[in-house]
Structure formats: C-alpha cells, structure tokens
Amino acid sequence: MRSGETVKKGRVYFMKKKLISALMATAMVTTALAGCAPKPVESTTAAPAETAAPAAGETTAAGQTAAADTADLPVLKVAVMPFLNSIPIVYMQNEGLDVANGFKIEPVYFANGGAMNEALAADQWEVGTLSAAAVNSLAIYGAYCIADIGHSEGGLYTLSKQDSPIAQVKGANPSYPDIYGDAETLKGAIIATNTGTISHLNVIKWLEKFGLTTEDVEIVHMDFPSAYQALMTGNCDVAALNPPTSYVAEGEGMVVTSSLTALEVPQFDSIIVSNKAFTDRKDVLVNYTKAFFQATDALQADPDMAAQLLLDWYTENGSESAIESCKTEITTRPFVTSDEEKTISIGDSVQVTGEFWVSQELLDEAKFPEIAKHIDDTIVKEALGF
Amino acid sequence: MKKKFVGEKAEKTIYAILAIATFFLAWAFITTFTAAKETTPGPIEVLKLLVTSFFQPIGRYTVYGHLYYSIRRVLIGYTVATVLGIIVGLSMGTSRYAEAIIKPIFEMIRPIPPIAWIPLVILWFGVGELPKYAIIFIGSFTNVTLNAYTGAQRVDPTLVGCARMLGTSERDIFLRVILPSSMPQIFAGMQVALSTAWMAVLAAEMIGAQEGCGWIILRGSDTTNIPLVLVGMVIIGVVGLFLATIMRMAERKVCAWNRMDV
C-alpha cells in the first residue's frame, strides 16, 4: 500500500515536471521567435539617375547630421496599399521628399480601401490615398478630401470573351463609338462584378447608353479575382474589373466592351485626411501635399522610372507583373501634376460615387451631405500657391 | 508485444505515404486530363513555385521569412489561449459559480468565427502585431477551454469523494486528482486548438500584414495567382502537420500513463 502510494506520488511529480517542461519549452520558443525577425528583401531599383544614393555602409558626416535632424521631424502616419496610388508615397520616401519638406513618413500597410476605412475608425492612419472608398471615409468617419491626385478611371473595364455576341456589336450608340454591345445582346446577360464599387458604376453607365437598367441583366456579386475566373471559365458573359485584374484579362485576349474613359466618366484618387489630423496638423499636411505633388510631377515627367517603381512595388507586395503592364497602367491612369491640380474641382468624383452609393442603398441618404462638408481645398491651395 | 506495435506503426506509415501519393496523383490527373486544367495548376507547377520561393522572395521575404512571422503569430496567440483556456476551463469544470457566470457568455461567444472579430480587434488593438495575436487567440481559446471544462467535469466523482473522505485538502484534490484526470482532454483540446490557430492565421493576416503564410494566400487570391494560393495552402498544411506531430509526441511524454500500449 505504502509503495503504491509512493509510485503514484512519483507519477504525479513526473507528470507535473513534464508539463512544466513542455510549457517552458513553448515559452522559450515563443520568446526566441518574438525576439529575432528576418530582414526584408530590398527590391526597389527605380531611381532617377541624378539622385544616386550613397553606397551601402557609407556614412557621411552630413548623413549623420541629417539623421540626427530627422529624429526631431514630425511623423505622419501614412496609409499605403499595394496599388498604383501609393507610388507617389513610395517615391517620396525613396527620394527623401518627406524629410526635405520637414516631416517623416511612417507607412501603415493596408490591403484595400475597406481595410483602410476600418482602421480610420481606430485612428490608425492620418493621411492616405483612396478612390471609391473615400465616400465612407468622408460620410461616415468624418475624414476630409484635400486633393485629387490621380486619374483612377483608367483600366476600369467591362470585358467579354471574343466570341461573345456582345463583342460582335460596336458603336450601337453613335455618341460612344468605342463601346460594344447593344440592347439586344445585353438583355439577360450575366455580369460579374464587385457590387458597390466603381466597376459596378461602370456597368450601370454602360447599360444606360443602350437604354437599359440593372433590371435587364443579371448582376452577380463577387470580388474581382473571382469575377475574372468566372469570365475565363465561361460562367458569366461579362466581368467588370479594376486594375490590375482588368489588364490581366485584356492580356488574355478578352475584349474591353466598355470603360469609364470611353463612357466619359472621370474618377480620381484623392488624398484623404483623418478628421483628427485635419484639425490638429494642418501645417504638416500642407508640407505633405507639397511633397506629394513634387512626387507626381517627377513620376509624370519620367514614365519609365514610374513604371519600374510600380513594378518594384508590386513585386515587393507579392504581385506578379511585367514592365509592359506597368507602363500601360502608368499611361492609362496618369497622376495629376501640380499644374493640372489647379484646374480640377476637387472632390467632384467622390460626390458622383456618393450619389451612386445612395442609389444602390450602400450609403444612407442622410449621410450624403456629409461628403460635401468634408471636401476642403485650402490645404492644396496653400501647398501649391494658387 | 513491442514487435507487433512496431509492425503496426510501419503499416500506418506505409498507408499514410500511399494516401498522400494517391492524393497527388489524383490532383495531377484532374489538372492534366479534365477541364480543371484551364483554371487549376497541377502539383508539379505548385511544387516548382514552392521550391523557388525558398530562394526567391514572395513579396519582401522568402518562404523562411513568411514562415517565421506566421509561426511567431501562431505560437504567441496559441500559448496565451492555452494558458487562459486551461484556467477558465478548469474553473468552469470545478466551480459551479464559475460555471454559472462564465458558461453563458462563453457559449454565446463560442460560435462567432475569428474573422468576424476583425473590425473590433482593429478598433481595440490597431493594425500592428497585437490584433493578429488576438485573432489567433480567439481562434484557439474556445477549443482549449471547452476541453479543459469537459475534462474537469468527467473526473470520476468516486475518486474525488474518496479523496475528500480521506481528508485530502481541496488544493491536493485539484492538483492530484482533477488536473491529472483532465490532462488527456486538455491535450486533445490543445491539438484541435493548434489546427484552428493555423486556420485563424489567414484571418489574422488580413489585418495590415505584409508577410506570413496567410498573406501569401491572400495576395495570390487578390492577384488571381492560383499557384501562389496553393503554395500558401501547402505550407500551412505541412507546418500544421509538423506542429500537430510535435504536439502528439509531447502528449505521449506528458500523459504516458494514459497510453493503452504502455
């Protein structure tokens, strides 16, 4: 009896010892993993020839002074996405335009505009670049649109297969000679798109040109990659896509049946500022806007460099692309230069998108007036001096 | 007896290898001879990309870097979930007050998938690493808690009654009767939780990530790069299997007294 009890005690002792050992081992591995992180691969190769950076490891006295100086600069939390509209921000960082204009960029990464809006509610970024998603930023989260910086209507296509009846009819509406289809071929068509986005607006505007509405076709909601797959596999007649998926589909031989450019619907990517930053950090935002347009001017002046930078940005973010596709994207979706900005009525495209969202019941009608209240051109006017 | 056990083990290994080989052959067949070849890459293409990704970066890191970040996120979220899950589960299983208070809330929260927590987690923890750990924590906490609770509830009441009758203190009853009896259930919960933690990686890496195995799948999906999606899936599958094996080995060591073959 006594020896049995001893054995039992011993078992319990060893079991507890083993459990503690296992937990300790897990804690050690976790701590070790938390402490050492691999270094990312530097993939940016695009840089203007005249701004060659010092060789790696080369530290100059001026550089040390600059490093000490930059520590005192105000830091701006800038939202970036793996898309074209973040390229000026990448350029600003690469070329030190932020430091030259008296602030430092702290990039905060987001996969898309929806995620940016979620984080805006949590005050996780101060300034970023958005297209259609800016509607929610302004109407719901009280952010401000302070400048339009890129033509985002380029590459917003509806596409069909070459043998589709829709692709056999062109110029049915003489006012829009470049668009395909007519009322007969489009009636009953299955159109795959990400509803509530600008691509959905593209479909509606396209149908309008033939006197049709969304009631005359079957719109199927899915994200863009799935819509692309549906088109390729013949599960839909038309896919309304955005870049870069639209360029991929075009490259695969699909016919661009309409585009926002052909439909003459302008759209812009805009600089969006959180309500807090707009209220508290106007000086830094003026400098940011100045630096941003220095970047767009440089990128528009050197499209090859811009295309290479875009390719590097895509590669860095895990997207496969080619330099030719990037050149096409740079050409079809040009940035707004500082001169062009002076001619643009800021925020018009956000209003158009907002109206569309209200019509689709994606935005409460009562919230719509908030958009106009949150468009402000004073910062860009001060930055560019007009 | 031991010879028979070794034979059974070898047999199981052979069956496992045959099953995996059959799976790959079926995959190769479907993606070569059916219409699926238009949309789905075959195993060779995926394996080639997988091997390449050990040397060429996907995004900013090679596979090693992505693995590092995902494993780190899983282990931190999982470890916290395990510790808290065992405490909460055993509390519920041993105290009727704890059960009465915690169980209704737990049962209400339990069915909510980790992905649904993303907006709230961003509001509470921002977009850094903390929300990713939180999502993985949410993904694994339930299984550990539930199993610890069940384990504590299933302790033979006769054993507890005997211990009490012999004057054993409540502390000793917990440490020497309830805890050891619950261990197999707790380990079963930890096993399942490890799998669900890996499932939650995808949701976790939706939050502002620029690296990780879940991020590989998301980027592949966003850019219609299906081979990349499959590479991410294969990595998560293999690492999940590896960690589950380690967990089984740990269970065999810690709960050696519970094995039927010993």
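Please read these numbers as outputs of a predicted model, since none were measured by experiment.

Peer 1: Break down the pairing of strand β6 (residues 190-193) of chain A for me, with residues and values.
Peer 2: Residue and element names in this part refer to chain A. Bridge count between β6 and strand β7 (residues 218-221): 4 bridges; the pairing is parallel. In the sheet register, T193 faces β7, and the bridge partner there is H221. Between the parallel elements β6 and β7, the chain passes through helix α8 (residues 198-208) in a crossover that is right-handed. Two strands pair when backbone bridges link them, and β6 and strand β8 (residues 238-241) are joined in this way by 3 bridges, in the parallel orientation.

Peer 1: Can you lay out the domain arrangement of chain B for me, pointing to particular residues and giving the numbers?
Peer 2: Residues and elements named next belong to chain B. You can read the domains of chain B as domain 1 (1-40) and domain 2 (41-258). Distance from the C-alpha centre of domain 1 to the C-alpha centre of domain 2: 27 Å. Surface buried jointly by domain 1 and domain 2 totals about 510 Å² across both partners, of which 78% is contributed by carbon and sulfur atoms. Here domain 1 and domain 2 share 0 salt bridges between them. Connecting domain 1 to domain 2 are 1 residue pair in polar contact (both at pLDDT 80 or more). A breakdown of the residues in the side of domain 1 that touches domain 2 according to their chemical character gives 3 nonpolar, 3 polar and no charged.

Peer 1: Could you give an account of the packing of α8 of chain A against helix α16 (residues 348-359) of chain A, naming the residues involved and the relevant values?
Peer 2: All names here are of chain A. Axis separation between α8 and α16 bottoms out at 11 Å; the angle between their running directions is 80°. Relative to α16, the element α8 is oriented roughly perpendicular. Contacts between α8 and α16 involve I198, H200, L201 and I204 on the former and, on the latter, V352, T353 and F356. Partitioned by chemical class, the residues of the contact of α8 with α16 number 5 nonpolar, 2 polar and no charged.

Peer 1: Quick rundown of the sheet that holds strand β9 (residues 255-259) of chain A? Include the residues and the values.
Peer 2: Residues and elements named next belong to chain A. Reading across the sheet, the 5 strands line up as β7-β6-β8-β5-β9 and stay open at both edges, with mixed pairing between neighbours. The sheet is open, and its two edges are formed by β7 and β9, each paired on a single side. The average angle at which neighbouring strand axes cross in this sheet is 25°, direction not considered. Each of β5 (157-160), β6 and β8 is contacted by helix α9 (residues 224-232), which is oriented at about 155° to β8, the strand it contacts most.

Conventions adopted
Residues numbered from 1 in each chain as written. Chains lettered and ligands numbered in written order. Predicted model: local features only at pLDDT ≥ 70, side-chain atom pairs only at ≥ 80, totals over all residues. Heavy atoms only, no water. Pairing = 2+ DSSP bridges. Helix = DSSP H or I, 4+ residues; strand = E, 2+ residues; numbered from the N terminus. Right-handed = clockwise from strand over helix to strand, strands pointing away. Domains from an automatic or database assignment. Buried area = accessible area lost by both parts, 1.4 Å probe. Salt bridge = Lys/Arg side-chain N within 4 Å of Asp/Glu carboxyl O. Polar contact = N/O pair within 3.5 Å; in protein donor to acceptor, adjacent residues only side chain to side chain. Nonpolar A, V, L, I, M, F, W, Y, C, P; charged D, E, K, R; others polar. Axes fitted to C-alpha atoms, helices over the stretch in contact; angles between N-to-C directions. Parallel < 35°, antiparallel > 145°, perpendicular 65-115°, else oblique. Contact = heavy atoms within 4.5 Å.

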